[in-house]
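Topology and contacts: notes
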Amino acid sequence: MTTYVPPLRQSSPHLPFGDKQDATFYGKDILSVKQFSRDDLEYIFGVAHEMEEMVRRVGSFDLLKGKILANLFYEPSTRTSSSFTAAMERLGGSVIPINEVRYSSVSKGESLPDTVRTLESYADVVVLRHPETGAAALAAKYARKPVINAGDGIGEHPTQALLDLFTIREELGQVDGLTVTMLGDLKYGRTVHSLSRLLTLFDIRLNYVSPDILRMPAEIIEEIKATGIPQAEYAEMEPILAETDVLYVTRVQKERFTNPDEYELVRGAYVIGTDTMRQAKEKMVVMHPLPRVGEIAMEVDDDPRAAYFRQMEYGLYIRMALLAMVLGKA
Ligand code: NCD
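Residues numbered from 1 in each chain as written. Predicted model: local features only at pLDDT ≥ 70, side-chain atom pairs only at ≥ 80, totals over all residues. Heavy atoms only, no water.

1. A look at the site of the ligand
- Around the ligand, the surrounding shell consists of T80, R129, H157, Q160, R190, T191, R251, Q253, P289, L290 and P291.
- Within the side chain of Q253, one N or O atom sits 2.8 Å away from an oxygen atom of the ligand.
- One of the backbone nitrogen or oxygen atoms of L290 is found 3.0 Å away from a nitrogen atom of the ligand.
- Here the shell around the ligand gathers at least three residues from each of two domains, domain 1 (33-157 + 315-326) and domain 2 (158-312). (Near = heavy atom within 4 Å. Polar contact = N/O pair within 3.5 Å; in protein donor to acceptor, adjacent residues only side chain to side chain. Domains from an automatic or database assignment.)

What follows is the structure, given as structure tokens:
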């Protein structure tokens, strides 16, 4: 008679990446940008370049043939969800899409740990978007397979920050020495919470432009201050537009407001138009995680500095790289 021994996870999800003894992402979760070192970023970007070349040359290939991704989204998504699907399929794997949790057992009251343990029985990796901060970390605690945080409430969006950083590097050639201005909803925007933290690995300056009620959370400002990175807050973009190398625009996160009147007060606070672009550097990029809801006028789309559509394509290569890495194929 054989005794059943439950399979163990490949490695602890909480070992920091970049550790020379454990310089692999195999079996690891991706929960927060805090887990990355500069060496890790170089490695991820190197794999992403290989992915880009392969997509250009052959479109799809069989690196992850036989592997399955569970794409579990408790919040709306177009780009993140479909880019993970495209990434998995271009690598020859397949996807269990759960976009409408109200049609799944979640609507019967199933807990997140149970849903995640269910999906990992069928899949090799779980991508999770959830309205609560810390949800991905909670899921990872219960899951044996890698969990990738695709946005946890107002917490983090680490794969977006990686693709944002990759975009900056591809578009401007380097990250050190740049002035990055984040504009819009810095309170509820998880993309800026992740990107600002990730940028502290570089020699940069950070500017925050927001209405008073949507300022960058004090704890993030403190965290960044401790790294020695210079930061400054503004209510208008004019004073710092001319010195900005990366203008990172965000949407006011309507769904996070408890008081709709407050949303009405700040919607449309900033609009990037051709006038804005005239005052900006010639070598500069305008980025946006998208969706935009009026923060960047369509007339800006044809400006070569508008990088937000290219940003989505960079995201495909980054997500292909991450999937290959956590599944041990890169
Ligand atoms: C962002 C998000 O979900 O946080 N979208 C995205 O993933 N590209 C930004 C947003 O919704 O405003």
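2. Topic: the sheet that holds strand β8 (residues 246-249)
- Here we have five strands laid out as an open sheet, ordered β7-β6-β5-β8-β9, and parallel in their pairing. Each having just a single partner strand, β7 (231-234) and β9 (285-287) make up the two edges of the open sheet. Put simply, the sheet's adjacent strands are angled 20 degrees from each other on average, direction ignored.
- Two strands pair when backbone bridges link them, and strand β5 (residues 179-183) and β8 are joined in this way by four bridges, in the parallel orientation. From the neighbouring strand, L183 faces β8, where its bridge partner is V249.
- In this fold helix α5 (residues 158-172) packs onto β8 and β9, with an angle of close to 165 degrees to the strand it touches most, β9. (Pairing = 2+ DSSP bridges. Helix = DSSP H or I, 4+ residues; strand = E, 2+ residues; numbered from the N terminus. Axes fitted to C-alpha atoms, helices over the stretch in contact; angles between N-to-C directions. Contact = heavy atoms within 4.5 Å.)

3. Quick notes on the environment of H288
- Residue position: H288 is located in the loop between β9 and α11 (308-326).
- Residue H288 is classed as buried on the basis of its relative accessible area, which comes to 1%.
- Separated by 229 residues in the primary sequence, H288 and G59 have C-alpha atoms spaced 26 Å apart.
- In this structure, H288 is in contact with V249, T250, R251, E295, I296, Y308 and Q311, ignoring residues within four places of it in sequence.
- Here L290 takes part through its backbone nitrogen, which lies 2.8 Å from a polar atom of the side chain of H288.
- Within the structure, H288 has its side chain in polar contact with the side chain of E295 (distance 2.7 Å). (Buried < 20%, exposed > 50% of the residue type's maximum accessible area, 1.4 Å probe, protein only.)

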